[in-house]
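Here is how the chains run, residue by residue.
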Amino acid sequence: MTNRTFAIIKPDAIKNGNTGKVYDRILQADFKILSAKLMKMTLKQAEGFYGVHRERPFFGELTTFMSSGACMVLALEKENAVAEWRETIGATNPKDAEDGTIRKDFATSLGENAVHGSDSDENAEKEIAFFFSESELISNK
Ligand code: UDP
Ligand code: MG
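The rules behind each value
- Residues numbered from 1 in each chain as written.
- Chains lettered and ligands numbered in written order.
- Predicted model: local features only at pLDDT ≥ 70, side-chain atom pairs only at ≥ 80, totals over all residues.
- Heavy atoms only, no water.
- Near = heavy atom within 4 Å.
- Polar contact = N/O pair within 3.5 Å; in protein donor to acceptor, adjacent residues only side chain to side chain.
- Areas by Shrake-Rupley, 256 points an atom, 1.4 Å probe, with all protein chains shown as cover.
- Helix = DSSP H or I, 4+ residues; strand = E, 2+ residues; numbered from the N terminus.
- Contact = heavy atoms within 4.5 Å.
- Buried < 20%, exposed > 50% of the residue type's maximum accessible area, 1.4 Å probe, protein only.

S.K.: So what about the site of ligand 1? Which residues, and what values?
M.R.: Lining the immediate environment of ligand 1, one finds Lys 10, His 53, Phe 58, Leu 62, Arg 86, Thr 92, Arg 103, Leu 110, Gly 111 and Asn 113. Between an oxygen atom of ligand 1 and a side-chain N or O atom of Arg 86, the distance comes to 2.9 Å. Within the side chain of Arg 103, one N or O atom sits 3.0 Å away from an oxygen atom of ligand 1. Protein chains shield 80% of the accessible area of ligand 1, which is 500 Å² for the free molecule.

Structural data, given as structure tokens:
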């Protein structure tokens, strides 16, 4: 059982000037930030990261969007991190997201929904490893 999850502040949130506000929500929800970096994904990286969705009709749009501008990738730590972060971000479609969630407050649409969150412990570890090396994960905070 891991207490880590993986998050992305997506390009729409960065473009809309919400990076600091989302970062603050992370801290307010008592996550420890093990690592964070600003980057611009290549289309290939986005396709690799979202490989599980390769057959879905929105795959092209999603990977084009995710490689369209800067994003911030984060490794987060908290007890029950995966479920806690999913609760903090809210439903995939902002129309269905609860009040006070990040997607409710900052998402623009179903596709451009401000943040990513891992859906299982197994995927959290894979996703963290996709973007971070072990030496970049700093747990002594
Ligand atoms: N997405 C989309 N159209 C859809 C479903 C998902 O554009 O009908 C995008 C959206 O950005 C979502 C991402 O694809 O965050 C991954 O989809 P998933 O079902 O894994 O949702 P999440 O885990 O991000 O809530
Ligand atoms: Mg998902």
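Having seen it, we continue.
S.K.: Can you break down the environment of Met 66 residue by residue, with the values?
M.R.: Along the chain, Met 66 turns up in helix H4 (residues 59-66). As for Met 66 and Arg 86, which are separated by 20 residues in sequence, their C-alpha atoms are 19 Å apart.

S.K.: Can you break down the environment of Ser 35 residue by residue, with the values?
M.R.: Among the secondary structure elements, Ser 35 is positioned in strand E2 (residues 32-39). Considered as a pair, Ser 35 and Phe 6 are 29 residues apart in the sequence and their alpha carbons are 9.9 Å apart. In contact with Ser 35, not counting residues within four places along its chain, are Val 73, Leu 74, Ala 75, Phe 132, Glu 136 and Leu 137. A polar contact of 2.7 Å, which involves the side chain of Ser 35, links it to the backbone oxygen of Glu 136.

S.K.: With reference to specific residues and values, describe unusual backbone geometry.
M.R.: If you check the backbone angles, Asp 30 has positive phi at about 70° while not being a glycine. Within the secondary structure, Asp 30 is located in the loop between helix H2 (19-28) and E2. According to the relative accessible area criterion, Asp 30 is exposed, its value standing at 58%. One non-glycine residue, Asn 80, lies in positive phi territory at about 60°. Among the secondary structure elements, Asn 80 is positioned in the loop between strand E3 (71-77) and helix H5 (81-89).

By themselves these figures say nothing about function.
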